[in-house]
Structure formats: structure tokens, C-alpha cells
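The chain contents come next:
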Protein chains: 2
Amino acid sequence: MSGAGAHRLVIVGAGFGGLQLALKLGRDKRFAITLLDRRNHHTFQPLLYQAATAILPPSQIAWPIRRLMRGRPSVTTRLGEVIGVDAEAREVRLADGERLAYDSLVLATGVTHAYFGHDDWAPFAPGLKTLEDATAIRGRILMAFERAEAHPRQAEALLTFAIVGAGPTGVELAGAIAELARTHLKDEFRHIDARRARVVLLEAGPRILPSFAEDLAAYALRALHELGVEVRTRSPVTACDAQGVVTDAGRLDAATVIWAAGVQASPAADWLGVAADRVGRVPVLPDLTAPGHPEVFVIGDTAQVPWKAGAVAPGIAPAAKQQGAYVARVLKGRLKDRLNGRPTPPFRYRHQGSLATIGRNRAIIDFGALRLTGFLAWWLWGVAHIYFLIGARSRLAVSLDWLWAYARNEPAARLITGKPK
Amino acid sequence: MSGAGAHRLVIVGAGFGGLQLALKLGRDKRFAITLLDRRNHHTFQPLLYQAATAILPPSQIAWPIRRLMRGRPSVTTRLGEVIGVDAEAREVRLADGERLAYDSLVLATGVTHAYFGHDDWAPFAPGLKTLEDATAIRGRILMAFERAEAHPRQAEALLTFAIVGAGPTGVELAGAIAELARTHLKDEFRHIDARRARVVLLEAGPRILPSFAEDLAAYALRALHELGVEVRTRSPVTACDAQGVVTDAGRLDAATVIWAAGVQASPAADWLGVAADRVGRVPVLPDLTAPGHPEVFVIGDTAQVPWKAGAVAPGIAPAAKQQGAYVARVLKGRLKDRLNGRPTPPFRYRHQGSLATIGRNRAIIDFGALRLTGFLAWWLWGVAHIYFLIGARSRLAVSLDWLWAYARNEPAARLITGKPK
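Here the structure is a predicted model, which means the values were calculated and not measured.

How each quantity is defined
Residues numbered from 1 in each chain as written. Chains lettered and ligands numbered in written order. Predicted model: local features only at pLDDT ≥ 70, side-chain atom pairs only at ≥ 80, totals over all residues. Heavy atoms only, no water. Helix = DSSP H or I, 4+ residues; strand = E, 2+ residues; numbered from the N terminus. Rg over C-alpha atoms; globule rule 2.2 N^0.38 Å. Contact = heavy atoms within 4.5 Å. Buried < 20%, exposed > 50% of the residue type's maximum accessible area, 1.4 Å probe, protein only. Core = buried A, V, L, I, M, F, W, Y, C linked by side-chain atoms within 4.5 Å. Buried area = accessible area lost by both parts, 1.4 Å probe. Salt bridge = Lys/Arg side-chain N within 4 Å of Asp/Glu carboxyl O. Polar contact = N/O pair within 3.5 Å; in protein donor to acceptor, adjacent residues only side chain to side chain. pLDDT = per-residue confidence, 0-100.

## A word on the overall build of chain A
Argument step 1. Helices and strands together make up the secondary structure of chain A, namely 11 helices and 25 strands.
Argument step 2. At 22 Å, chain A has a C-alpha radius of gyration in line with the 22 Å of a compact globule built from 421 residues.
Argument step 3. Across its three principal directions, the C-alpha atoms of chain A cover 75 × 50 × 45 Å.
Argument step 4. Across chain A, contacts joining residues at least 24 apart in sequence account for 65% of those joining residues at least 6 apart.

## As for the environment of F367 of chain B
Residue and element names in this part refer to chain B.
Argument step 1. Along the chain, F367 falls in the loop between β24 (363-366) and β25 (371-373).
Argument step 2. For F367, a relative accessible area of 39% translates into the label partly exposed.
Argument step 3. When the C-alpha atoms of F367 and A155 are compared, they prove to be 42 Å apart, with 212 residues separating the residues in sequence.
Argument step 4. Sequence-distant contacts of F367, defined by excluding residues within four places in its chain, comprise Q352 and G353.

## Some words on the nonpolar core
One broad trend across soluble globular proteins is that nonpolar side chains are buried collectively.
Argument step 1. Counting residues in hydrophobic clusters, the biggest one holds 128 residues, and the most contacted among them are L107 and F145 of chain A.
Argument step 2. Excluding residues within four positions of it along the chain, F145 of chain A makes contact with L159, F161, A181, L185, F189, I192, A194 and A197 of chain A.
Argument step 3. Grouped together as the second largest cluster of nonpolar side chains are 127 residues, F161, A269, A317 and F347 of chain B included.

## A closer look at the interface of chain B and chain A
Argument step 1. With 50 residues of chain B at the contact, the number on the chain A side is 50 residues.
Argument step 2. Taking both partners together, chain B and chain A bury about 4400 Å²; carbon and sulfur atoms supply 52% of that area.
Argument step 3. Connecting chain B to chain A are 5 salt bridges.
Argument step 4. Among the ionic pairs, E149 of chain B bridges to R66 of chain A, the shortest N-O distance being 4.0 Å.
Argument step 5. Summed over the shared surface of chain B and chain A, the number is 18 residue pairs in polar contact (both at pLDDT 80 or more).
Argument step 6. Secondary structure elements with two or more residues in the side of chain B that touches chain A: β4 (62-64), α3 (65-68), β5 (75-79), α4 (131-150) and α11 (392-408) of chain B.

## Topic: the confidence of the model for chain A
Argument step 1. Confidence along chain A averages 91 in pLDDT terms, with 93% of residues attaining 70 or more.
Argument step 2. Overall fold confidence (pTM) sits at 0.90, and the ipTM for the predicted complex is 0.87.

## A closer look at the environment of F124 of chain B
All names here are of chain B.
Argument step 1. With respect to the secondary-structure elements, F124 resides in the loop between β10 (111-113) and α4.
Argument step 2. Here F124 falls in the partly exposed class, since its relative accessible area comes to 25%.
Argument step 3. Here the alpha-carbon distance between F124 and T344, two residues 220 residues apart in the chain, equals 47 Å.
Argument step 4. For F124, the residues in contact, after removing those within four places along its chain, are R140, C240, D241, A242 and V257.

See the structure below:
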């Protein structure tokens, strides 16, 4: 633990940004860090879609935050929910009534899914942001097949899966569900043909994967078609209920609808009383502090961080990690500042590339100059994800699960738990 | 699938007994088998306590029933809940209103935990029978440490774990929680000392592990003491609430109470309209049929099966599996019977031994003549459990997880999910 005179740093959120910051500063005795999160685990969000489609069990894409901080004596891990910030008094307010005083505060609270003013759609079209979301979606998908087997006359609607939003998450979910139906489940039912499941990917915009180059998106579209996924672009959803979704083209009866269309930042802007952008993000200054609050940093998905002309840094793990590492440098620099006064240069996002996978054997990688598709890209994607998984054990376990699933067409975690709707 | 003239066999429950029966008959085209279960997975109950204490993830002790029946063409797997049996019409009634006709019926519906007339204790003292139970108990145990870290002044009650009932499950839970606190969690908190957690094992009877020989139980007691578990025999629980439990010796403040004290059979006896024993089991005839219902078999924990003088077959996996295999022989014999009329001899339970483990490195094995304790028994226990796990993959995965946890003091699944109390 750090001494009484240490700089009190409170980090809210142990996602990629907050965790990176805590890892970087956690051995520095000049800081007394509290790492707060609503959950006891850090979630490796890029693989959440695999947990939602039974490929990996939840325990392989999430780790106890407290465990990750074991070798970081300056960090106190704290399970708790923030409900506000008293910027005047420099205190964070927790749901249990407690207040945590800080010298510096970092808000890395991420985003949740958003229904564009249609919050009543939430129960019919769950989104995918947490382990609980993934487990619930996995239950719904598997339960749809169980119901169809029990009631084969309703199989058509029961085996229609609508995914709303064709960003990377929507594309990856659509590919994985199609694969699950066509490959893993195909021999296990007596009254239905699991291969006949319909997977429909609905996108409001003119094409899938708008954040990727056009030729890569076109490749992904062909790969989706080969997996039997129906892709409908320019198809904004206008209604959603327990029976399916409605678009301009009419009603689509689908027992399972998954929402991958929009996000809304956590209320960090509200807490600070600063202006937010359209999706609730805090437009931060070049040193990632909130306007008017030099001691408060906002990083990750909940920050609007300038990148290149007309664009902001994307809401992906590498961006959050870079921001976490940058804030560590700023905070260290500020302590030194008392001696030599050298300011840290502004944050610059370095884009390392975009990746998305479509079923087994297919992926697209956009490194800017270098673009890859197909089998090689898929293996690279796998290696990259295993590399970034935290902890040697998870790397090994995930590698084994993937190899096994690949060799045997056998996903690792086909469980329905809880009470799937 | 089996032909139209096949013998319609409905098996209710895919635990050890029902599963064994379906595996044995599933390739026999003379049968048209429906294997019904409320869940999509078979649970390896002997390792549930490890899922409840974060040692193994749920996906490693449960497998989709449908997957296990992939190579059994005579079996249709069906997710569904039975609410009654119309023995007259030979139909099983499902919660969704459907009826399934049978020529033979096997009820293998198991037990649930029982509170001896105090069902109001259930929310405060969850029992351990399903994966959901295990996940919820895991969440409660881990959450108690999180709460204590946030509120160290309440640490004493928050870090007191009361386990009610000192059969194998209670003993194994107590040992695993003590180990979790003393070994795995000890370096991860800043405001509490996880090693100071109190684990109290309460038993109404005069000694722990009444189903084991006295010297083995005495060894287990010493092993529990060495782990720091407080064992209180002759201490029936007289009250239970959110703050803890009450025994004759007074109140024990314990934020976490786990119920491992009693079981109650599922309502198979009610469904059939036959008399039940004290815990709701159906006293079956020597061929495991229910009295007055030669076409209805009751097996596993929900059957009262004679064994040796004054004793009935114990509610353990090997007993259920032997009964499942026996019913397969009876049913095959009955089909042959039309030709040669040779009846199957009565069921005889062959006791293979009892095992229980106490933390790491300690176990007791009671083979009757041969009794083992200590490190060797613990390894044998591990080998036996891995051997009986279904599927090469789980065997490999569980072996790796155990070896890893053993080598690194690092449990595999320390996640709090859902909304733990």
C-alpha cells in the first residue's frame, strides 16, 4: 500500500483503458490508486461474441480484476457502483452512500447499447456488452433450437435469427450463429433441420462494416453469403417486439433478435456537468482531461478523442489502452513537474488496424496499407487475440478450446443456464 | 430414428441414471426413446462443489444432453418440464400442455434440497443441486470478500461462512472455501486479511460423514481442523435469516450460509399416486418398477432401492448408473420375453466405495475392506473423477485446470455474474 502523502488516484472502470492505467502506475509508490468497477472481472470484449455463441465459456474471456492487480501494491481494487462525481469537493459518490476522495480522477466507464429512443425494444433485442449479456444471448440462441425441436410446426420463426447492425459485432455474431446451425448442431435434432436456420443481418446504412475499406467489406459480404447469412442493407428497424422486427420491407418473424446497432456512452458527462456529443461522450482536451477539470481524465469509449481530420478515435480496445498508458505518463509527468516543469505532449492515437472474423476460416484485417482476407487473415486474427489475452493460462486454455472446436466441430460451452426468455 | 412399431420409452431426467439408460438403449432400433429434461445439460454433480467454489468453470462439469445423444439414433432429446403422469392413459404431461405417450416410462428425476419444513430459509441458505445454484453460491462467496474489503469494520460477519450439514457435500464445500480464503485470495485484499475468514461446519448428528467408517470420518475431521474449519456436531440449526443461523449454542453471525443438510425427492410418487418414504422416494419393487405399475420404473435418487440389511442404496452417481443399466437389461429382456420368457433377476446394488475430498491434498476413500486417507487418496479421487467425466475433452480440460490450479494456487473461474445477493 502507498503512504499517506501519496497522490490519490481514483480510476472508475476496469475495461481496457482503466486496467492499462492501473497496470502502468500500480507499482509506483507515489500513487494511492483505487480501481473501481461494478463487476469483479475485466471482460475481454472482443471475444464476447464467442461467449454469446457457445464457442468459449465465460470464464475464459474474463478475469478477476483483483487477481490482475495482485502484483500492483499501489492499487486497491474495489467493487462498487459510481452514481456521481462531486468535482468541487473532489469526491466520487458510490451507490452504497460512501464517498471516495481523489486528487486525480479517471473516468473509463465505457458504453452501453442504445436503442435510439426505443428503450422498450431492449427486452426483445438484447445487446452484447457484458458476460451476463453473452450468457443470456447464448441461452436464447440455444433455446430457439430446443423450442423448434419441440414445436416443429413453428420452426420457421423459431429458427430465424435477426441481428440488427452490421458493424464488426453484428457481422461476427451472424457468422457464428450460421456456423453453429450449419456445422455444430446439424446432427442433433430429430424433428427439425438445424441447417435451415435463417440468419438475417439488418443494417440501416448502405453497406456492412462501414469502418473497413470497401473491398474488405465486400469480401466479408461474400463470406457471409457463403455461410448462408441474408444481409439486408438500407434496412433500418422501425419496430421490434417478441415476434420479430419490422423494416421498410415489412415484418420479419424472428424468435431471436440481437441488437448490435448503437451505443450510448455512460453518464460521465452528466457526472461532471460538461457538454456531451450525440452519443453521450465527453469531448476531451488534447491531454484527455475534461474541459474545465484539469484533474479529471476521461478515456476509452466514453471519451470523444480527436484523431485525424473529421474523425475521432474508434471505440476499440487498442485506443482505450493507448489512452490509459498516456494518462499514466501525464500523471507521472505532473508529479515530476514540480521539479522540472516539462509538460507531456498531447495524446495521439496510433491506429494499428481493424479486424473482423466471419465464421471459421474467414477474416478481414485492415492495416491501412496492408489488407488481408481469408484463411491467413483468420489465423492472424486468432493469434492476435490470443496474444492480447491477459495471462498465460487463458492464452493456453483459449488456444486449446479453439483448436478442439476447430478439429472436432465441437463448441466448448453449449449451456443454457438461468431462465432464458 | 426408430420405426413406427418401436417400443415407446420415455425417460424423464438426464442425470446419471436416465443418461446411462439412454446410452445403453440408444442404438437399439426396437426402441423409440424420448429423453426429457428441464435443462439442456447433464450436470456432473460430484464436482458441483468445485463450480460453487470457483475451482472449475460450469462448462467443464456439464454437457449438452443432445450432444451426448448424437450417436444414439433411437433417442430424441427433448427440453421440457414434466408436471404429471397419466398412468391410466400411459401419457406424460408436460408444462407446455403437450402429452407424450409411452409404452414404458422411467422416472429418474432426482432430488432437490429440503429445509425440513422451513422453506422460508431457502433465500438465506441456498443449496447446491444445479449449475445455477453453483454459480449463485460462487457469487455469494466471492461477494462476501468484496463486501468485507469495502466495509472492513463488518468483516467479521461478512467473512463467516456457515455450512449446514456435514455429509460429503458439506465437508467438501467447507474445505474448498477454507482453501480459497487461506490460499487463493490471501494476497489480493488491502483492508482485510482473507485468511481470517471463518468457515463453520454445522452438523445436527453426532459426527461428520455418517456414511463413512468412523476412522475415516475422524481423519476428515482432523484435516478440516488443519484447514482451519470449525466443526460443530450435535448442532441442529433452529433458525436462519439474512444475518446468519441459530443453534442451541446461540446465534452465529454469518453473511453466507450454504445448505447441505437434507434432500427431498422429486414428486414422482405423487405423479404415480403411490406411497412415498419419509423423503419422498418411491419404494420400488426388486425390478425397480413402481408398485402397481409394471411399465413404470423409478431409478436414482428418487427411488428407495433395497440394498443390504436395513439399508437402501445410497444417493450417489454409481448407484443411479447401475440402476439405469439394469433397466436397459429389463427392457431388452421384456422384448425378448415374447420369445423365450426368461425374466431378468432382481436388481442388486454393488457398492464400489465412497469418496470425499478435504481441500487440496487430502481425501478419504472407503472401499469397505480397503480404506485410504491422505495424499494418495486425494490423487485417486482425482483420477476417479476424471475417469468418470464424460468425453475426452472434458477429461483433458479438467485435468489441465486442476493441474494449473494446483501448481499456481489459481482457481479457474473466480467470476461473480448475475446479481448475487
